[in-house]
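# Survey of secondary and tertiary structure
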Amino acid sequence: MDKNFLIQEILRLKEEKNAVILAHYYQNEEIQEIADFIGDSLELSKKAQNTNADIIVFAGVHFMAETAKILNPDKKVVLPDFNAGCSLADGCNPKDFKLFKEKHPDHVVVTYINCSAEIKAMSDLVCTSSNAKKIIGSIPSDKKIIFAPDQNLGSYLQKETQRELVLWEGSCVVHEAFSLDKLIEIYNKNPTAKIAAHPESESHILKAAHYIGSTSGIINFIKTDPAAVFIVATEAGILHELSKAVPEKTLIPAPSTEDNTCACSECAFMKVNTLEKLYLCLKNESPEILVNEPLRIEALKPIQRMLELS
């Protein structure tokens, strides 16, 4: 379909249906351009709570739209592509996680928000990459902790908080794809650059970083730091909006191990959403994200605890 037609129709349907379009930073540029709000998953779900929209179109992945539904039970939530998954969420099966929990009784369960409603419902606390240290710090020192599903973020938190965590073995394929050799090569060509990395990255990448933080944290760091050149070790989609905010700065995506034309790390799950799929899901109000009420209530509890602590 013609891009201009799709944009016009999306804008028309959005007004007609009283819908709001939320786009994650990792979405395609054309989706970011048409969104009402751009942000990380929790930030977007909270934004949705503060709108009077009847329909939330979540241009992201499944667990994000599910979180939006948990927080906004009275709104219809749709996702452009129902199969937009996440290696972290998909790699933590509820049945397996239940058995994992049973092997570690008397542990406080902290889960990264990148997980399914079923996993959240088995958790005591949920965290994001920006508040994870604070959440871990809120737990009494005599309590043992399970952290899931991201072992790289968990390892980083162990170092930062000096707490021993029992880690679920899961990882983000995007953040594990960065090449240290290529990163060093780029840095040697740009010796005044600062490297900003997401804590989902592997430890050898984090050791090379000048700043480690969430997607929002990386953006704020680049906006406020006086350096002129930055090498960014997270999904390359954040560079679209960021380059508008800091046009005077040079932003270089950290290279991935893949030998491709992009040479940067992109989330294939995020990129399955397209402008045409966004149009069709708004037009048909489908695929809709549904969470049964007992599960929603249980999954909401650890999110609410996190929000109170944050």
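Refer to the structure presented above.
Residues numbered from 1 in each chain as written. Predicted model: local features only at pLDDT ≥ 70, side-chain atom pairs only at ≥ 80, totals over all residues. Heavy atoms only, no water.

This next bit is on the overall build of the protein. Tallying secondary structure elements over the protein gives 15 helices and 12 strands in all. Computed over the C-alpha atoms, the radius of gyration of the protein is 19 Å, within 12% of the 19 Å expected from 2.2 N^0.38 for a compact globule of 310 residues. With the principal axes as the frame, the protein shows a C-alpha extent of 55 × 55 × 35 Å. Evaluated residue by residue, the protein yields a buried proportion of 55% over its 310 residues. Nonlocal contacts in the protein, meaning residues at least 24 apart in sequence, comprise 61% of its contacts between residues at least 6 apart. (Helix = DSSP H or I, 4+ residues; strand = E, 2+ residues; numbered from the N terminus. Rg over C-alpha atoms; globule rule 2.2 N^0.38 Å. Buried < 20%, exposed > 50% of the residue type's maximum accessible area, 1.4 Å probe, protein only. Contact = heavy atoms within 4.5 Å.)

Reading across from one edge, β2-β1-β3-β4 is the order of the four strands in this open sheet, with parallel pairing throughout. The open sheet has two edge strands, β2 (37-39) and β4 (76-78), and neither has a second partner. Each neighbouring strand pair of the sheet contributes to a mean axis angle of 20°, computed without reference to strand direction. Note that strand β3 (residues 55-59) and β4 share three bridges and pair parallel. (Pairing = 2+ DSSP bridges. Axes fitted to C-alpha atoms, helices over the stretch in contact; angles between N-to-C directions.)

This structure, assessed with the given rule, holds 14 salt bridges. Of the charged contacts, one joins Asp36 and Lys14 as a salt bridge, the two residues approaching to 2.8 Å between their closest N and O atoms. With Asp36 in the loop between α2 (29-34) and β2 and Lys14 in helix α1 (residues 3-16), the pair connects residues that are 22 residues apart, well separated along the chain. On the accessibility criterion, Lys14 (15% relative accessible area) is buried. Here Lys133 makes a salt bridge to Glu160, at a shortest N to O gap of 3.1 Å. You can see Lys133 sitting in helix α8 (residues 132-137) and its partner Glu160 sitting in helix α9 (residues 151-161), a full 27 residues away along the chain. When its relative accessible area of 40% is taken as the criterion, Lys133 is described as partly exposed. Through salt bridges with shared partners, a single ionic network connects Glu9, Arg12 and Glu16. (Salt bridge = Lys/Arg side-chain N within 4 Å of Asp/Glu carboxyl O.)

Before going further, it helps to spend a moment on the packing of aromatic side chains. For the structure shown, the criterion picks out six aromatic pairs. Here Phe97 and Phe100 contribute two aromatic rings whose centre-to-centre distance is 6.1 Å and whose plane-to-plane angle is 25°, an arrangement assigned as stacked. Linking Phe97 with Phe100, this pair stays in helix α6 (residues 94-103), spanning three residues, or about one helical turn. Residue Phe97 is classed as buried on the basis of its relative accessible area, which comes to 0%. Given the relative accessible area of 16%, Phe100 is considered buried. Ring plane angle 70° and centroid distance 5.6 Å describe the contact between Phe97 and Trp168, whose orientation is recorded as edge-to-face. On the criterion of sequence distance, the pair formed by Phe97 in helix α6 and Trp168 in the loop between β8 (165-167) and α10 (180-189) is long-range, its members being 71 residues apart. (Phe/Tyr/Trp six-rings, centres within 6.5 Å; stacked < 30°, edge-to-face > 60°.)

One pass over the structure, following the stated rule, counts one cavity of 30 Å³ or more. Considering only enclosed or pocket space, the largest cavity measures out at about 320 Å³ in volume. Lining the largest cavity are 30 residues, and of these His24, Tyr26, Tyr112, Asn114 and Glu200 lie nearest its centre. Those elements that place two or more of their residues in the lining of the largest cavity are α3 (41-49), α4 (62-71) and α5 (87-90). (1 Å grid on protein atoms, 1.4 Å probe; cavity = no way out; pocket = protein on both sides within 12 Å on 5 of 7 lines; lining within 4 Å. Points joined across faces, edges and corners; volume = space filled by probe spheres on them.)

This next bit is on the packing of α4 against helix α15 (residues 293-309). The interhelical angle for the contact between α4 and α15, taken along N-to-C directions, is 95°, at an axis separation of 9 Å. On the basis of their axis angle, the class for α4 and α15 is roughly perpendicular. Each of Thr67, Lys69, Ile70 and Leu71 in α4 lies in contact with α15, whose residues at this interface are Arg296, Ala299, Leu300 and Ile303. Class assignment of the residues belonging to the contact of α4 with α15 gives a composition of five nonpolar, one polar and two charged. (Parallel < 35°, antiparallel > 145°, perpendicular 65-115°, else oblique. Nonpolar A, V, L, I, M, F, W, Y, C, P; charged D, E, K, R; others polar.)

Time to look at α1. Taking 1.5 Å of rise per residue, the 14 residues of α1 would be expected to cover 20 Å, and the 20 Å separating its terminal C-alpha atoms lies within 8% of that figure. Within α1 the residues assigned to the buried category are Leu6, Glu9, Ile10, Leu13 and Lys14. Seen end-on, α1 carries its buried residues on one side only, within an arc spanning 135°. Counted as exposed and oriented over 90 degrees from the buried face of α1: Asn4, Gln8, Glu15 and Glu16. Considering only its buried residues, α1 is in contact with β1 (19-24), α2 and α14 (275-284). Capping the start of α1 is the job of one residue whose side-chain oxygen sits 3.2 Å from the backbone nitrogen of Asn4: Asp2. Directly after α1, the chain includes Asn18, whose backbone phi takes a positive value near 55°. (Expected span 1.5 Å × (residues − 1). Arc of directions from axis to C-beta. Polar contact = N/O pair within 3.5 Å; in protein donor to acceptor, adjacent residues only side chain to side chain.)

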